[in-house]
Amino acid sequence: MKDKIINSLQNKKFFIFVIILTALLVMPGINSGFTTDDWLHRIFLKNKKFVEVDRNLSLTPYGMFSFLDGNTKTINTLKDNGLLPWWSFEKLRMSFWRPLTELTHVLDYTLWADSPLAMHIHSFILYGILLFLLFVFYRRLLNPLWIAGLAILLYAIDDAHAVPVSWIANRNALLAVIFGLATMLLYDSAVKTKQIKFTFFAMLTFILALLSGEFALATTGYLFAYMVALDERPLKTKIVALVPFAIIAVVWMVIYSKGGFGSFGSGMYIDPAKEPASFLAAFVQRGPVLLLSKLGLPPAIYYTMVYGQLKIAYLIAAYGFVSLILILMIPMLKASNVARFWLIGMIISLIPVCATSPDDRLLLFVSIGATGLLAQFIAGWLQKEPWVPTVKFKKIVFSSITVLLLFIHLLVAPALLNASSAIDKFIGFINNISLDKKIIPDNKDQHIILMNGYFYWSNMVFKRYAKDIPVHYTRVLSTGDEEMYIYRIDKSTIEIDTKNGFFTSFISHMMRSKKYPMKKGYTVKLKDLEIKILSMTKDNRPKRIRCTFGYSLDNKKRVKFFYIQDDVFKVYTMPVIGKRNTLEKIRYKVKKK
């Protein structure tokens, strides 16, 4: 039985089985339609009806990933038109240079503009190409060959890859890794054959990787790891060979910065070049959390959902588990230069992804090294390599951890991949209520005010723009993180108080980092709505706000009020003047179609 499994794993045809199995596991995602940013991209590429603002179109054909460019006038215009919430930072920048990725979306909207199914299949084909290149790469480095078969299986069915495969808007990650892998394969060929043409093509594919997405910088980590662990040429020769790639990376970073790309002012994204101290602090926290998810469980996004002492405990557990795994791997790392290559590449490729909040969808590059390490570690245990402990206690610990890793990566991971690929059930349920007819304005001058639920509101607005449904003067007053007390002051004014303050969840800081807090008296003036902060919490978050509208709140022809609860839009009734009522914090209730 063991011999049959090994023979299957080392057979090139095993890759066909991996592709079929992966397709079956991600099938729910292939049929999941459009969601969140997909609607925004649809506006840019199909409907092309958007608020007239000075978007950053430098070096990018459509600005699909760069419409928040730090221009205060642009931010205020988007606020006034209901496309950004009132608390957005005035100099907010979330602008990314991904022109090659944009062209693949242009291809979609040229050939099958109204078929999300075809777009999802397009993304899965790209994942298949990625897996093929990685399979070739693993077979070059891992010996015996059956370890390469195990490695590609572990990578393909990893639940961390569900979102890049199932979310059309996340295709940039697939493209960056495809061209990054091509760069590594070509560089390996250049070293082994000493033919300059392979170096030239490796430089070309590295450029294409960077034009696909900024995460492609992780490729440099694996090139450096190759020089340190695998390249046996003289040190000077090795360094000179990497100089062209360093030059390309530096030139790209200069163009990226001068072109106005990067992030600033967001609690979700950090620009390492502009905020090095913040990035270093984030790396210390996010790095271990991402490695915990990559080597074990749970998915990294859960770290953003815990607070206080629980967050500290989570971080301690991440450091502890990752340290234990790496300590157990020390004998293997001493014995195998290939294992050292995986480790160095994994750690360096972790650096760029720590620029944003922890999420498994960021781990495609990190997974290359992590999966190579895991495959060698498991194979060493099965083959009883000399570095596997023989002392009873150490042997028990080593075997127990290895069995746990096998359980997680061969049984739990594919189940989670299948579940997580159903993005329409985890995110897309918001789509299902976004076109609720009762929240469509009765006329072009009627305002729609959502009392809570920023996440629902943003998706609703983008989806309606994409479908040419009116969204005039749509506003959201809060994220719904906390219970709110609404006081009616006069016919056109309310005050909203909270027990613990606004913006307690991580996602609520996407549009404004805690580093740039609002202050008491801070006022936002929009068309027919002025919002003023009346009091703050001790940690500099708004606690009470006053909302003054340019019309009577009882004028139903002019305004409709709604709130979200249990994933349903419900009509909100204002209290009478001098009274108050209460809105509970949002309860999320994911529904199946």
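Predicted model, so just to flag it, every value in this text is computed and none were measured.

About the criteria used
Residues numbered from 1 in each chain as written. Predicted model: local features only at pLDDT ≥ 70, side-chain atom pairs only at ≥ 80, totals over all residues. Heavy atoms only, no water. Helix = DSSP H or I, 4+ residues; strand = E, 2+ residues; numbered from the N terminus. Buried < 20%, exposed > 50% of the residue type's maximum accessible area, 1.4 Å probe, protein only. Contact = heavy atoms within 4.5 Å. Areas by Shrake-Rupley, 256 points an atom, 1.4 Å probe, with all protein chains shown as cover. Lys, Arg positive; Asp, Glu negative; His and termini not counted. Charge placed at Lys NZ, Arg CZ, Asp CG, Glu CD. Pairing = 2+ DSSP bridges. Axes fitted to C-alpha atoms, helices over the stretch in contact; angles between N-to-C directions. Core = buried A, V, L, I, M, F, W, Y, C linked by side-chain atoms within 4.5 Å. Expected span 1.5 Å × (residues − 1). Bend = angle between axes of the 7 residues up to and from the residue. Salt bridge = Lys/Arg side-chain N within 4 Å of Asp/Glu carboxyl O. Parallel < 35°, antiparallel > 145°, perpendicular 65-115°, else oblique. Left-handed = near helix turned anticlockwise from the far one by under 90°. Nonpolar A, V, L, I, M, F, W, Y, C, P; charged D, E, K, R; others polar. Phe/Tyr/Trp six-rings, centres within 6.5 Å; stacked < 30°, edge-to-face > 60°. Lys NZ or Arg CZ within 6 Å of the ring centre and 35° of its normal.

Participant: Let's hear about the overall build of the protein chain: which residues, and what values?
Facilitator: Assigned secondary structure in the protein chain consists of 21 helices and 13 strands. Structurally, the protein chain occupies a C-alpha span of about 80 × 55 × 45 Å along its principal axes. Burial status across the protein chain gives 58% buried among its 593 residues. The contacts in the protein chain between residues at least 6 apart in sequence include a share of 73% that link residues at least 24 apart. Entry remark: accessible area of the protein chain is about 25200 Å², with carbon and sulfur atoms responsible for 64%. Distance from the positive charge centre (72 side chains) to the negative charge centre (40 side chains) of the protein chain: 4 Å.

Participant: Tell me about the sheet that holds strand β9 (residues 529-536), and name the residues and values.
Facilitator: Taken in spatial order, the six strands line up as β8-β9-β10-β7-β6-β13 in an open sheet, and their pairing is antiparallel. Only two strands of the sheet have a single neighbouring strand rather than two, namely β8 (523-526) and β13 (580-583). Going across the sheet, the axis of each strand differs from the next one's by a mean of 20°, ignoring polarity. Bridge analysis of β8 against β9 gives four bridges, and the strand direction is antiparallel.

Participant: Can you break down the nonpolar core residue by residue, with the values?
Facilitator: By size, the foremost hydrophobic cluster in this structure holds 190 residues, and its most contacted members are I368 and M451. When residues in this core are grouped by element, the largest group, 13 residues, is from helix α10 (residues 171-193). Beyond its immediate sequence surroundings of up to four residues, M451 is in contact with L477, S478, M484, I486, I494, I496, F561, F562, Y563, Y572, M574 and L583.

Participant: Can you explain helix α15 (residues 308-335)? Please cite residues and give values.
Facilitator: An ideal rise of 1.5 Å per residue puts 40 Å on 28 residues; α15 measures up with 42 Å between its terminal C-alpha atoms. Of all the bends in α15, the largest measures some 45° and sits at M329, one to four residues before the proline P331. Against the buried residues of α15 lie α14 (276-295), α16 (337-353), α17 (364-383) and α18 (392-421).

Participant: Describe the pairing of strand β10 (residues 542-549), and please don't skip the residues or the numbers.
Facilitator: Sheet analysis places strand β7 (residues 493-498) next to β10, joined by five bridges and oriented antiparallel. In the strand pairing of β10, I494 is matched with C547. The pairing of β9 with β10 spans seven bridges and is classified as antiparallel. Residue pairing in the sheet places S535 in a bridge with R544 of β10.

Participant: Tell me about the pairing of β7, residues and numbers included.
Facilitator: Along β7, six of the six residues are buried, which leaves the element largely enclosed by surrounding structure. Taking every second residue as pointing to the same face, both faces of β7 are buried, with T493, E495 and D497 on one and I494, I496 and T498 on the other. Here six bridges tie strand β6 (residues 484-490) to β7, and the two strands are oriented antiparallel to one another. Bridging across to β7, Y487 finds its partner in E495. Taking the residues between adjacent antiparallel strands as the criterion, β6 and β7 are bridged by two residues.

Participant: Describe the pattern of salt bridges, with residues and values.
Facilitator: In total, this model carries 17 salt bridges according to the counting rule given. Here the salt bridges do not stand alone but share partners, grouping E495, D497, K543, R544 and R546 into one network.

Participant: Explain the sheet that holds strand β4 (residues 447-450) to me, and be specific about the residues and the numbers.
Facilitator: Overall, mixed pairing links the four strands, which are arranged β5-β4-β11-β12 in an open sheet. With one partner strand each, in any of the chains shown, β5 (474-476) and β12 (568-571) form the two edges of the open sheet. This sheet shows a mean twist of 30° between the axes of neighbouring strands, independent of strand direction. With four bridges joining them, strand β11 (residues 559-565) and β12 adopt antiparallel strand pairing. Paired with Q565 across the strands is V568, a residue of β12.

Participant: How would you summarise the packing of α17 against α18 if you had to cite specific residues and measurements?
Facilitator: Two numbers describe how α17 lies on α18: the axes approach to 10 Å, and their chain directions differ by 130°. In terms of orientation, α17 lies oblique with respect to α18. Read as a crossing pair, α17 and α18 show a hand that is left-handed. Residues L374, F377, I378 and W381 of α17 form the contact with α18, whose own contacting residues are F398, S399, T402, V403, L405, L406 and H409. For the contact of α17 with α18, the per-class residue count stands at eight nonpolar, three polar and no charged.

Participant: Could you give an account of the packing of aromatic side chains, with specific residues and numbers?
Facilitator: Counted according to the given criterion, the structure contains 32 aromatic pairs. Ring geometry for F15 and F132: centres 5.8 Å apart, planes at 70°, overall edge-to-face. With F15 in helix α2 (residues 14-25) and F132 in helix α7 (residues 116-141), this residue pair connects regions lying 117 residues apart in the sequence. Classification of F15 by relative accessible area gives buried; the value is 12%. With relative accessibility at 45%, the residue F132 sits in the partly exposed group. Seen from their ring centres, Y226 and F341 are 6.3 Å apart, and the 90° between their planes marks the pair as edge-to-face. With Y226 in helix α12 (residues 218-229) and F341 in helix α16, this residue pair connects regions lying 115 residues apart in the sequence. Taking the relative accessible area as the measure of exposure, Y226 reaches 5% and is therefore buried. By relative accessible area, F341 is classed as buried at 0%. By the ring-pair criterion, three or more aromatic residues cluster together here, those being F137, Y138, Y187, F206, Y222, Y226, F245, F341 and W342. We note K311 situated over the ring of Y303; from NZ or CZ to the ring centre the distance is 4.1 Å.

Participant: So what's going on with helix α13 (residues 235-258)? Which residues, and what values?
Facilitator: Under the 1.5 Å per step criterion, the end-to-end length of α13 is 34 Å for 24 residues, consistent within 8% with the ideal 34 Å. At V243, α13 shows its largest kink, close to 35°, and the proline P244 lies no more than four residues downstream. Regarding α13, the residues found buried are K238, A241, L242, F245, I248, A249, W252 and Y256. Taken together, the buried residues of α13 touch β2 (93-95), α10, α11 (196-212), α12 and β3 (262-264). Positive phi appears at G260, one or two residues downstream of α13, with a value of about 85°.

Participant: Tell me about unusual backbone geometry, and name the residues and values.
Facilitator: Leave glycine aside and you will find that most residues have negative phi; peptide bonds, for their part, are mostly trans. The peptide bond linking N143 to P144 adopts the cis configuration, its omega dihedral lying at 0°. A cis amide bond, omega 0°, links L297 with the succeeding residue P298. Here P298 shows up in the loop between α14 and α15. Even without being glycine, T36 reaches a positive phi, approximately 40°. Mapped onto the elements of the fold, T36 is located in the loop between α3 (27-30) and α4 (37-47). Positive phi is not limited to glycine here, since F503 has a value of about 60°. Relative to the assigned elements, F503 resides in the loop between β7 and β8.

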